[in-house]
Amino acid sequence: MRRPGRFRLPDSGYRAVLAVAAAVLAALAVWFLIAIVVQAKPAFSTLGFSWIFGRVWDPSHGKYGLLPFILGTLEVTAVAVVLAVPIGLGTALALAYLVPRRIRSSLSTTVELLAAVPSVVYGLWGLVVLAPVFRDTVEPFLTSVLGWTGLFDGPSQGVGLLLAGVILFVMILPTMVAISRDVLAVVPNEQVEGAMALGATRWQVLYKVVVPGARTGLLGAFTLATGRALGETVAVALVIGNSPYIAHSIKSPAATIPSLIVNNFGESTGTELAVLFAAGLVLLVIGIAVNSVARWLVWSTAGSSAGATSR
Amino acid sequence: MTTLLDLPGDPTLERRRAVQEAAASSLRRRKLGSAVALGVCWVFLGIAIVPLVGVVAYVVAKGLPAWSVDFFTKSTVPEGIPGGGVWNAIVGTAVITTVAIVVTVPFGLLVGLFLAESDGRVAASLRFTADVMTGVPSITVGIFGYIAIVRNFGNSGFAGAFAIGFIMLPVIVRAGETAFRGVPTSLNEAALALGARKVTIARKVVVPTALPGVITGVLLAVARGLGETAPLLLTIGGNQYLQWNPTKQMEALPTFIYSSSSQPYADQVQLAWGAALLLMVVVLVLSIGSRLFAARLRKERR
Amino acid sequence: MTDAVTVTPGAENAATVRADEAAGLNPVAAVVMTLADVAVAFDGRTAVRDVTFDVHAGEVTSLIGPSGSGKTTLLRALNRMHDTVRTAAVTGTVRLGDLDVYAPSTDPTLLRSRVGMVFQRPNPFPTMSIYENAVAGLKFNGIRKKALLDEAAESALVAAALWDSVKDRMSAHASTLSGGEQQRLCIARALAVEPEVLLMDEPTSALDPIATKRIEELVVELKDRVTIIIVTHNMQQAMRVSDRCAFLLMGEDKAGELIEYGPTAQLFSEPTDPRTLDYVNGRFG
C-alpha cells in the first residue's frame, strides 16, 4: 500500500480537509441568507413593512403591493396540491398494490423518470398545447357546470390560475407518486394479511391499514411536492398570464412571487430591485412556514406511532 | 365432550349470529364500496399517466422535426428571421454544467464524507442546512447568484454555473453521505486493524465501495441542474452568438426554451420544441444511465 | 346464513371410535371443517397434497411436521389466504359446515369472518389503539353498533387474558404492549369477530418461553369457544395443547403430504406409520 516518495496526507490533515469543506458549505448557506437580507433591506427601510400586504402593484407610482403575488402563489399551489393529493395517492396505491406484478416496476420507473423532465418543458407544453384546450373546451365546460359557485366568473382565456395550477399538478405528480408508492409498498405484508384475515375487503385493507401505516412518509411526499409547487418559476410564469391584480376567479390571469421576480428582474433598479429581493425573502419565509407545518405534522404523527412496527 | 356451541342463549353464540348477520347483510355494500374505490384508483392512475405520457409524446412529435444539421451546428438568428439552430445554447449549457460539476462534485463529496464520518450536533445542523438548501426555491438561488456574482462581474456563464452548482451541491452532499455510510463498518475496521491510516482507508476502501451510490447521486444532481431555468435567467444574460468563454454572457437550452416559447414566430417556437426534446433526452438518459450503472455495479460486487 | 355448526358424526367406523374413546375424546363431536384431497400448488409445483381429515368442534387440532412439509401452506388454504397469490391453485374440497370454501359463490371476505387467523409474528395494527385493534375485524365486517363493539371487545380481551392489564388504557397504542401481549391482542382481535374456527400459524415462534407458555394455556382455554387449528414445529407444544394431530412430511417430489392423522396421544405413543415414529422420536426434521 505504501509507495515511498509520494505525498501522503496525515490523518489530522485528512480530517482538516473534510472540516474545511464542511465549513465552506455552512458559510455558503449563511452567505446566501445574508446576501438576500442585506440587498432586500432598502425595500424595508424606505417602504416599511405594510407594502407586503398592499393590494396595488404599480412601480411607476411607487406602489409595491405584494399581496396579489402572495395570494397568487398560494392559490396556484393550492390548485396543484388539491389535484395532486388524491390523484397522486390513488395512483401510488394502484402502482403499489393493484397493477399486475409484471408491469409494476416498469410503470413505476417510468413515473419516476418523468420527475426528471425539466419544468420549462412542462411550461412550454402548457402554453402551446394546453392553453388553447383550456380556453375553448375545459374552462367553458367547467363554467357551465360549476359556474354557480362563483369560482369560474369572467372570460375563459386559457392562461391563468387554473392552467398554472394544472401544469404544476402534472409537474409535481411524479415526485408525489414516486415517494408515496415507495412508502406504501414498504408497509409490512403481515399488516395486510392481518386485515385480510379479519374479513376486510381489498379497499378496507388499503384504506384502513396500508394508508395509515404509511402516513408519515405520505406527509413527507406531500411536503416535498408542495415545496416544489411553491418555488416553481418558469412553468408557472409561462402559463399564468402575469397579471398584477388579485384574481377574482380561478380562471383569471394572475402572478406569483417567482413569476413577478423573473418578469421584472431585467428592467428593475433601485427600490424596485430591492423590492424584488424582498419578495424572494417573503417566498423563502412562506416556504419555511409550509415546511415547518409539515415537519410538525410528521413529527406529531410519527411520535404517536413510534416503534409501532411489530417485531 | 359437550361444547358451549350446543347451548342456546350462550352470549358467544348470540354474538356470532349477530356478527355473521351484519357481515352478510353489509357484504354487498362493502364489496361495492371496495370496487368503486379501487376503480377510482385505476382512473387516477389513468389521469396521472395520460398527461405525463402526453407531454413526452408531444415533445417528441414536435421536437424531432426541428432536429437538423443546422439545429445542432448553427447559432440562433435574430427573431423573425427563419433558420438558425441552438448550437450556442448547447455549448452554453455544456460549459455551464461542466464548470458546475468540476467545482461541486469534489467539494460536495468531501462534505458528504465529513457527514458520513461525524455524528453529533455540528454534523446534524450541517445535514439540516443541506436539506434546507435542497428545498430553497430556485428563483432565490438566481437572486443569490445575481447578488454574489453578477453585481460585481456582470452576467456570465460563471455566474450561471455558480447558481446551478448551488442547487446541485446539497443533492451531491446527501447522496455522497448516504453512499459513504453504506460502507460496512466491518470493512472500515478491518482496514484500521491492518494499520491503515484514515486517509488510506478513505481512498482505498470507502470511496471505491461507495462509488455506485456516489455516481448515481452525481448523475441525478446533474440531471436536476441541467433543467434549471430560473437561476440562469437571472445570471447568464443570454447570447445569440456562439460563446465558449464562461466569463462572458452565454445562452443555455432551458433559458432559450423559456424565451422562445412566448415568441410569435413559428420558427422560433419550432426551435424551442427541438431544444426541449434535446434537454429531455439528455436528462432522461442521465437518469436511466445512473440507474443502470448503479444496478450493474451492485451486481458485480455480489 | 346457515347455522354455525352442522352436527355430523365425526367418526364413522368402530376403529376410530375406539381410538377416540381411548384418547379421551368424544367420538361423535361435531365436525366443523372437512378437508378432502386438499392440495396446494404454486406455479404448477405442488407444495402440499393428499390431505384428508376432519376437524372436530371444540377441539384443538395441530399440524406438525418438519419445515418444508407444507403445514403453513395447508393452513392458509383453509381461509383462502392464497387468493392473493396469482400463481397459487388449491384443489380438493374444504368444507366449513355446509359451506364449500372454494365454491365460486363463496365470498372470501365472508369466509374469513368465520375462520379467523393468528400469525407467526404479532401483527397488531400499529396506527390503531388497543381498542381499535380489538374491534377492527368487527368494523371491517360492517358492524357499527357501539354496544356490540364494546361487548365483543371486552369479551374477546377477557378470553385472551388481556383485559385486566389493558382495560384502563384502551386508547393506548398497540405498540406499547410487550410481544406476548401483542400476540394476545391479535388473538383477541380474531376472537372478537366470533369465528367458528381459529387458525394459528406457529403463534409462539417469535415469543419468549414465558409468553409462549401463556399462549399455550390460552389455546387450551379457548377451545370451548372456538375450534382451533394450530401449526407448530414444536412437538412438545403439539402434545400439550392439541387433541388431534396431523403429521405432514415432505415427499420425494418435494411436496408435503399427510402421513398420519389421529388423536394426539395415540399419534405420539403408538403411531401407525414408521415415519411418524421416526419424527416423534426426533430421528429427523
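On a predicted model such as this, the values are computed, not experimentally measured, just so you know. (Residues numbered from 1 in each chain as written. Chains lettered and ligands numbered in written order. Predicted model: local features only at pLDDT ≥ 70, side-chain atom pairs only at ≥ 80, totals over all residues. Heavy atoms only, no water.)

Novice: Would you mind showing me how to read the overall build of chain B here?
Specialist: Looking only at helices and strands, one finds eleven helices and zero strands in chain B. Ordered by position from N to C terminus, the α and β elements of chain B give α-α-α-α-α-α-α-α-α-α-α. Compactness check: chain B gives a C-alpha radius of gyration of 28 Å against a globular reference of 19 Å for 302 residues, more than 25% above the reference. Its C-alpha atoms put chain B at 95 × 65 × 40 Å along the principal axes. For chain B, the proportion of contacts with a sequence separation of at least 24, taken over those separated by at least 6, is 73%. Taken as a whole, chain B presents about 13,400 Å² of accessible surface, with 66% of it coming from carbon and sulfur. Seen as two clouds, the 26 positive and the 15 negative side-chain charges of chain B have centres 5 Å apart. (Helix = DSSP H or I, 4+ residues; strand = E, 2+ residues; numbered from the N terminus. Rg over C-alpha atoms; globule rule 2.2 N^0.38 Å. Contact = heavy atoms within 4.5 Å. Areas by Shrake-Rupley, 256 points an atom, 1.4 Å probe, with all protein chains shown as cover. Lys, Arg positive; Asp, Glu negative; His and termini not counted. Charge placed at Lys NZ, Arg CZ, Asp CG, Glu CD.)

Novice: Looking at this model, I keep getting lost on the overall build of chain C. Mind explaining?
Specialist: A tally of regular secondary structure across chain C gives eleven helices and ten strands. A globule of 285 residues ought to have a C-alpha radius of gyration of about 19 Å, and chain C, at 19 Å, matches this closely. Each principal axis of the C-alpha distribution contributes one length, and for chain C these read about 55 × 45 × 40 Å. Looking at chain C as a whole, 62% of its 285 residues qualify as buried. Of the contacts made within chain C by residues no fewer than 6 positions apart, 66% connect residues no fewer than 24 positions apart. (Buried < 20%, exposed > 50% of the residue type's maximum accessible area, 1.4 Å probe, protein only.)

Novice: What am I meant to see in the interface of chain C and chain A here?
Specialist: Interface size is often expressed as the accessible area that is lost when the parts come together. Each partner contributes to the interface: chain C provides 33 residues, whereas chain A provides 25 residues. Together, the buried faces of chain C and chain A total about 2,300 Å²; carbon and sulfur atoms form 57% of this surface. Where chain C touches chain A, the interface holds two salt bridges. Two residues, Glu-190 of chain A and Arg-121 of chain C, come together in a salt bridge whose shortest N-O distance is 2.8 Å. Only helix H3 (108-114), strand S6 (115-118), helix H4 (130-140) and helix H7 (179-192) of chain C provide two or more residues apiece to the side of chain C that touches chain A. Split into classes, the residues belonging to the side of chain C that touches chain A amount to 14 nonpolar, 14 polar and five charged. (Buried area = accessible area lost by both parts, 1.4 Å probe. Salt bridge = Lys/Arg side-chain N within 4 Å of Asp/Glu carboxyl O. Nonpolar A, V, L, I, M, F, W, Y, C, P; charged D, E, K, R; others polar.)

Novice: Would you take a moment to explain the pairing of strand S3 (residues 60-64) of chain C for this structure?
Specialist: Sheet faces and side chains relate simply in a regular strand, where the side chains alternate between the two faces. All names here are of chain C. Most of S3 sits out of view: five of its five residues are buried. Residue alternation in S3 divides its side chains into two sets, Val-60, Ser-62 and Ile-64 and Thr-61 and Leu-63, and both sets are buried. The pairing of S3 with strand S8 (residues 227-231) spans four bridges and is parallel. Among the inter-strand pairings, Thr-61 is bridged to a residue of S8, identified as Ile-229. With four bridges joining them, S3 and strand S9 (residues 244-250) adopt parallel strand pairing. From the neighbouring strand, Ser-62 faces S9, where its bridge partner is Cys-245. (Pairing = 2+ DSSP bridges.)

Novice: I tried to follow the confidence of the model for chain C on my own but got confused; where do I start?
Specialist: All names here are of chain C. In this model, chain C carries an average pLDDT of 88, and 91% of its residues clear a pLDDT of 70 or more. Note that pLDDT drops below 50 for residues 1-11; the model gives that stretch 29 contacts with residues more than four away or on any other chain. Across the assembled chains, the prediction reports ipTM 0.87 with pTM 0.86. (pLDDT = per-residue confidence, 0-100.)

Novice: Sorry if this is basic, but what is going on with the interface of chain B and chain A here?
Specialist: Contacts between the two partners involve 72 residues from chain B, matched on the other side by 76 residues from chain A. Summed over both sides, the interface between chain B and chain A buries roughly 6,800 Å², with carbon and sulfur atoms accounting for 81% of that surface. Counting the surface chain B buries against chain A, the share from its top three residues, Leu-52, Arg-197 and Tyr-258 of chain B, is 9%. At the junction of chain B and chain A, the tally comes to two salt bridges. Of the charged contacts in the structure, one is a salt bridge between Glu-112 of chain A and Arg-291 of chain B, with a shortest N-O distance of 2.6 Å.

Novice: Help me out: how do you make sense of the sheet that holds strand S2 (residues 45-56) of chain C in this one?
Specialist: One key point about sheets: their strands pair by backbone hydrogen bonds, in either a parallel or an antiparallel sense. Residues and elements named next belong to chain C. The strand order S5-S4-S1-S2-S10-S9-S3-S8-S7-S6 describes an open sheet built from ten strands, whose pairing is mixed. Among the strands making up the open sheet, the edge pair consists of strand S5 (99-100) and S6. Running at roughly 170° to S6, H7 makes contact with S6 and strand S7 (197-201) of the sheet. (Axes fitted to C-alpha atoms, helices over the stretch in contact; angles between N-to-C directions.)

Novice: Would you take a moment to explain the side chain of Thr-77 of chain A for this structure?
Specialist: All names here are of chain A. Mapped onto the secondary structure, Thr-77 falls in helix H2 (residues 67-98). Residue classification places Thr-77 among the buried positions, given a relative accessible area of 6%. Only 2.7 Å separates the side chain of Thr-77 from the backbone oxygen of Thr-73, close enough to count as a polar contact. With residues near it in sequence (within four places) discarded, Thr-77 still touches Thr-226, Ala-229 and Leu-230. (Polar contact = N/O pair within 3.5 Å; in protein donor to acceptor, adjacent residues only side chain to side chain.)

Novice: What am I meant to see in a positive patch on the surface here?
Specialist: Where like charges cluster on the molecular surface, the positive patch consists of Arg-101, Arg-102 and Arg-202 of chain A together with Arg-86 of chain C. Note that Arg-101 of chain A resides in helix H3 (residues 101-114). (Patch = residues over 30% accessible without salt bridge, like charges linked within 9 Å, V, L, I, M, F, W, Y side chains within 5 Å.)

Novice: Can you walk me through the pattern of salt bridges in this structure?
Specialist: Side chains carrying opposite charge are able to pair once their charged atoms draw close together. Inspection of every chain in the model, using the stated rule, returns 29 salt bridges over all chains. For Glu-151 of chain C, the salt bridge identified is with Arg-15 of chain B, shortest N-O distance 2.7 Å. Taken together, the positions of Glu-151 of chain C in helix H5 (residues 146-159) and Arg-15 of chain B in helix H1 (residues 11-63) put the pair across two chains. Note on Glu-151 of chain C: relative accessible area 40%, which makes it partly exposed.

Novice: Before we go on, may I ask you to explain the side chain of His-173 of chain C in this structure?
Specialist: Residues and elements named next belong to chain C. As for its position among the elements, His-173 is in the loop between helix H6 (163-166) and H7. Classification of His-173 as buried rests on a relative accessible area of 18%. In this structure the side chain of His-173 is engaged in a polar contact, spanning 3.1 Å, whose partner is the backbone oxygen of Pro-126.

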